[in-house]
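Structural features, examined
Listed here are the chains, written in short residue letters.
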Amino acid sequence: MRTEEEAKYDLDQTIFEMYDSGSSVQKIAQRLSISTNYIMSTLNTAETEQKQAR
């Protein structure tokens, strides 16, 4: 059985893959049935982590 943390990680990875392949935030939200706010938060967190790694 997957933990909540594993499920969140998998969802976030799916968001990154869809966004990187050119899907809009709106299309991702519709396809995954999640809010655009969650998607934007996930994408912004990744950008912040990349900036800090430099």
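A brief look at the structure comes next. (Residues numbered from 1 in each chain as written. Predicted model: local features only at pLDDT ≥ 70, side-chain atom pairs only at ≥ 80, totals over all residues. Heavy atoms only, no water.)

Some remarks on helix H2 (residues 25-32)
Taken together, the buried positions of H2 are Val25, Ile28 and Ala29. What you see down the axis of H2 is that its buried residues fit within an arc of 100°, all on one side. Facing away from the buried side of H2 by more than 90 degrees, the exposed set consists of Gln26, Lys27, Gln30 and Arg31. Positive backbone phi, at 55°, marks serine 33, one or two positions downstream of H2. (Buried < 20%, exposed > 50% of the residue type's maximum accessible area, 1.4 Å probe, protein only. Helix = DSSP H or I, 4+ residues; strand = E, 2+ residues; numbered from the N terminus. Arc of directions from axis to C-beta.)

Topic: the environment of leucine 11
Along the chain, leucine 11 falls in helix H1 (residues 4-20). The exposure class assigned to leucine 11 is partly exposed, which follows from its relative accessible area of 27%. Residues leucine 11 and threonine 42, 31 residues apart in the sequence, show an inter-C-alpha distance of 9.8 Å.

Remarks on the pattern of salt bridges
This model, assessed by the stated rule, comprises 1 salt bridge. The residue aspartate 12 makes a salt bridge to lysine 8 at a minimum N-O spacing of 2.8 Å. Taken together, the residues aspartate 12 and lysine 8, both in helix H1 and 4 residues apart, mark about one turn of the helix. (Salt bridge = Lys/Arg side-chain N within 4 Å of Asp/Glu carboxyl O.)

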